[in-house]
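# A look at the structure
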Amino acid sequence: MSAAVTAPPCHSRPSPLNPNSRATPSSAGKPNAVSTTRRHLANLDRLLVKPPPLPLPVQHRKAAPTEAPGDGEATPDDRSGRGGLLNALNLSTFLPFTRKPGVDEMSPRSLAYMQRLLTLSPRLSPKGSIAGGWRRYHGEGGWEGLLDPLDHNLRRELLRYGDFVQAAYTAFHSMPSAAEAASHGQHRTLVLPDRSYRPTRSLFASSSLTIPSWAQRRSAPSWLTQRTSFVGYIAVCDNEREVRRMGRRDIAIVLRGTATCPEWAENLRASLVALTADDNDASAPKVAKGFLSLYKTPGDHVPSLSAAIVEEVKRLMEVYKGEELSITIVGHSLGASLALLAADELSACLAAACTDGTKDHRPPPPPISVVSFGGPKTGNRAFADRLQRERGVNVLRVVNAGDVVTRVPAPIAREGYVHAGGAELRLHSRDSPCLRPDAGPACCHDLEAYLHLLDGFTGSGRPFRADASRSVARLLTFQRPSVKRAYVERARVLGFEPASPRTATANGACADGQYGYLASPT
């Protein structure tokens, strides 16, 4: 009888999705994907029959006789229990139809978790101080030891930069015209999700191509064929508390992906050209002709993207002269390629400014890092080598394994395209409990899908993060065919009605007042 009965395992903590359930010893060891998904869906089923807890402040009232809570379970009125903190975050006032007699008691934590995933209200994880090692988080050493497993502080920083790009998509679509926005100096509808950063300048990209009149449809919006479009912005961290937490003042350059017809036409100009017209050497650094055109071409009323970035960064460096600075350039899709071009030029300009021959002692230029979400190949091997070795730019490529954009131009192409050197963080749609394993190319390239996968990624071969709290509302709105059917059905039962993509993007915000975004094109 000695081996027949065993003691409970030492790690017998409840499930993070359903704290009422007790961990039991398993003879199978590591759970497989099927069992994990079934258990996850079973927990969601229980959420549909539990009346939501009362929102704070709570008035003590006589409770109806209910089933006695288990060990460690917090009652709805017990604010000191395990789920007490999340009681204040429940959305019962927005889901009145769920107030029905409870058949199976659930903890407030589980219900708030599900409701939070179906709202557009972001719930960020606590910020940890990175002041002591900010250079590692900014790419010094190639992010070694931070990517796999993914460091939680780095995850938060990457998610923030990704949300900055979402804000750029929103600002672009709500812009009436490039000329009008440029005349105001700053984009009027640009609202950053992190108020620690302040936008200082809007950025515009101009195409050297013009859509002929015979190819323009009268029913198409004017912005679809305009030659110059809002493509991003520059922001600086001006919250002193956040500056102390990060250990430096960060300058962020944010660039969105392809959205207009001229930009699409430039994407198709895939021949490699030298960065400077007088460099005819076959071994010279070269980039895609279309990318360089968007980066260097000035508009009718605005300077080129290249001139605007260099001018604004130099101005900010003069404003914050003497402080510890960093420059982070983040982009998605086309914006990722433009980010590499900007990093190459900025590093050269700032290095030259520090060694201009004067006798004044000048500090070294701030480090430059590029965070790329779903970026295509931008240039040849010489360009990639110069960016990493000569310029000293740190590049982190966040890649979805199913994203075809990250593989173009194809290796069989004549031109010698390669990805810029640096670190790679590879995600996969099949790791998500929410997305279908066969998610389509539009979903695999969508920026919100990238951020959803990034929020749950813990490491290669590891399960999706159990406490991932990023909302799935945008995925249900823009990528519903790629969301698992069980999630769609349960969202419908809960009464979640996402705004239609046309309504959410045309207004630049969703119905509940939270900033929306323009679905990423593929």
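The structure presented is a predicted model; accordingly, all values stated were derived computationally and were not measured.

## Concerning the nonpolar core
- Judged by nonpolar contacts, the single largest core of 63 residues is most densely connected at Tyr-197, Tyr-233, Phe-373 and Leu-425.
- In this structure Leu-425 touches Leu-147, Leu-150, Leu-158, Leu-396, Arg-397, Val-398, Val-399, Leu-454 and Phe-457, once residues within four positions along its chain are discounted.
- Core analysis: the next-biggest nonpolar cluster, separate from the first, contains 42 residues, Ile-309, Leu-316, Leu-325 and Ile-327 among them.

## Structural notes on the packing of aromatic side chains
- If you walk through the whole model with that rule in mind, you get four aromatic pairs.
- An angle of 70 degrees between the planes, with centres 6.2 Å apart, marks the rings of Tyr-161 and Phe-164 as edge-to-face. Here Tyr-161 and its partner Phe-164 are both found in helix H5 (residues 152–173), three residues apart, which amounts to about one turn of the helix.
- Residue classification places Phe-164 among the buried positions, given a relative accessible area of 0%.
- Where Phe-373 meets Tyr-450, the ring centres are 6.5 Å apart and the plane angle is 85 degrees; that geometry is what we call edge-to-face. Placement of the pair is Phe-373 in strand S7 (residues 368–373) and Tyr-450 in helix H14 (residues 447–456), with a sequence separation of 77 residues.
- By way of ring pairs, the aromatic residues Tyr-161, Phe-164 and Tyr-197 are connected into one cluster.

## Some thoughts on the packing of helix H11 (residues 334–354) against helix H12 (residues 381–390)
- Direction vectors running N to C along H11 and H12 enclose 55 degrees, while the axes themselves pass 10 Å from each other. Overall, the two elements H11 and H12 adopt an arrangement that is oblique. For H11 against H12, the interelement crossing comes out left-handed. Between H11 and H12, the residues in contact are Leu-340, Leu-341, Ala-343 and Asp-344 and Phe-383, Arg-386 and Leu-387, respectively.

## Observations concerning the side chain of Asp-151
- With respect to the helices, strands and loops of the structure, Asp-151 is situated in the loop between helix H4 (134–137) and H5.
- Although Asp-151 is buried, it forms no salt bridge, and the closest oppositely charged side chain is Arg-136 at an N-O distance of 6.6 Å.
- Aside from chain neighbours lying at most four places away, what touches Asp-151 is Tyr-137 and Leu-146.

## A closer look at the environment of Gly-299
- With respect to the helices and strands, Gly-299 occurs in the loop between helix H9 (289–296) and helix H10 (305–319).
- Gly-299 gets classed as buried once you look at its relative accessible area, which sits at 16%.
- Considered as a pair, Gly-299 and Ser-206 are 93 residues apart in the sequence and their alpha carbons are 5.3 Å apart.
- If we skip the residues at most four places from it in the chain, Gly-299 touches Ser-206, Arg-227 and Thr-228.

## A word on the sheet that holds strand S3 (residues 249–255)
- Reading across from one edge, S1-S2-S3-S6-S7-S9-S11 is the order of the seven strands in this open sheet, with mixed pairing throughout. With partners counted over all chains shown, the strands left at the sheet margins are strand S1 (197–206) and strand S11 (423–427), one partner each. Adjacent strand axes in the sheet meet at a mean angle of 15 degrees, parallel and antiparallel pairs treated alike.
- In this structure, S1 lies alongside strand S2 (residues 228–237), joined through nine bridges in antiparallel fashion.

## A word on the pairing of S7
- Within S7, six of the six residues are buried, which leaves it mostly tucked inside the rest of the structure.
- Neither face of S7 is left uncovered, since the one carrying Ile-368, Val-370 and Ser-372 and the one carrying Ser-369, Val-371 and Phe-373 both have all their residues buried.
- Note that strand S6 (residues 325–332) and S7 share six bridges and pair parallel. Bridge pairing in S7 places Ile-329 opposite Val-370.

## Remarks on the pattern of salt bridges
- Enumeration over the complete set of coordinates arrives at 27 salt bridges.
- Note that Asp-163 and Arg-470 form a salt bridge whose closest N and O atoms lie 2.7 Å from each other. Linking Asp-163 in helix H5 with Arg-470 in the loop between H14 and helix H15 (473–478), this pair joins segments that are 307 residues apart in sequence.
- Between Asp-250 and Arg-248 there is a salt bridge whose closest N-O contact spans 4.0 Å. Side by side, Asp-250 and Arg-248 carry an identical accessibility label, which is buried.
- Linked by salt bridges that have partners in common, Glu-157, Arg-160, Asp-194, Glu-242 and Arg-245 make up one network.

## Here's the deal with the state of the cysteines
- The final tally for this structure, using the stated rule, is zero disulfides.
- You can see Cys-434 has no disulfide; the closest cysteine sulfur is in Cys-443, sitting 8.7 Å from it.
- Assessed through its relative accessible area of 2%, Cys-434 is described here as buried.

## Examining the confidence of the model for the chain
- Of the residues in the chain, 65% reach a pLDDT of 70 or more, and the chain-wide mean stands at 76.
- Across residues 15–19, confidence stays below pLDDT 50; counting only partners more than four residues off in sequence or on other chains, it has 17 contacts.
- Confidence drops under pLDDT 50 across residues 501–522; counting only partners more than four residues distant or on other chains, this segment forms 61 contacts.

## A short note on unusual backbone geometry
- A cis amide bond links Asp-148 with the next residue in sequence, Pro-149, at an omega value of 5 degrees.
- On the secondary structure map, Pro-149 appears in the loop between H4 and H5.
- In this model, Val-408 is joined to Pro-409 through a cis peptide bond whose omega is -10 degrees.
- Mapping Pro-409 onto the fold places it in the loop between strand S9 (394–400) and strand S10 (417–418).

Quick notes on the rules
All residue numbers here refer to positions counted from 1 along the written sequence of the relevant chain. Residue-level local features of this predicted model are given only where pLDDT is at least 70; pairs of side-chain atoms are given and counted only at 80 or more, and the full residue set underlies all totals for whole chains, interfaces and linings. Side-chain metrics in this entry use all non-hydrogen atoms of the structure; hydrogen atoms and water are not considered. We call a set of buried Ala, Val, Leu, Ile, Met, Phe, Trp, Tyr and Cys residues a nonpolar core when their side-chain atoms join them within 4.5 Å. With a 1.4 Å probe rolled over the protein chains alone, any residue whose accessible area is under 20% of its type maximum counts as buried; one over 50% counts as exposed, and the rest are partly exposed. The contact definition used throughout considers only heavy atoms, calling two residues in contact when any of these lie within 4.5 Å. Only rings of Phe, Tyr and Trp enter the pairing, Trp through its six-membered ring, and a pair is recorded when the two centres are within 6.5 Å. The plane angle decides the type: under 30 degrees is stacked, over 60 is edge-to-face, the rest tilted. Secondary structure elements are defined from DSSP: runs of H or I of at least 4 residues count as helices, runs of E of at least 2 residues count as strands, and each element is numbered from the N terminus. Here the axes come from fitting lines to C-alpha atoms, over the contacting stretch only for helices, and the angles between their N-to-C directions go from 0 to 180 degrees. Under this scheme an angle from 65 to 115 degrees is roughly perpendicular, one under 35 degrees roughly parallel, and one over 145 degrees roughly antiparallel; angles in between are oblique. Left-handed describes a crossing whose near helix is turned anticlockwise from the far helix by less than a right angle; the clockwise case is right-handed. Counting rule applied: Lys, Arg positive; Asp, Glu negative; His and chain ends not counted. Each salt bridge in this description consists of a side-chain nitrogen of Lys or Arg and a carboxyl oxygen of Asp or Glu lying within 4 Å of one another. When DSSP finds at least two bridges between two strands, those strands are taken to pair. Disulfide: a pair of cysteine sulfur atoms within 2.5 Å of each other. Confidence of the predictor at the level of single residues is given by pLDDT, which spans 0 to 100.

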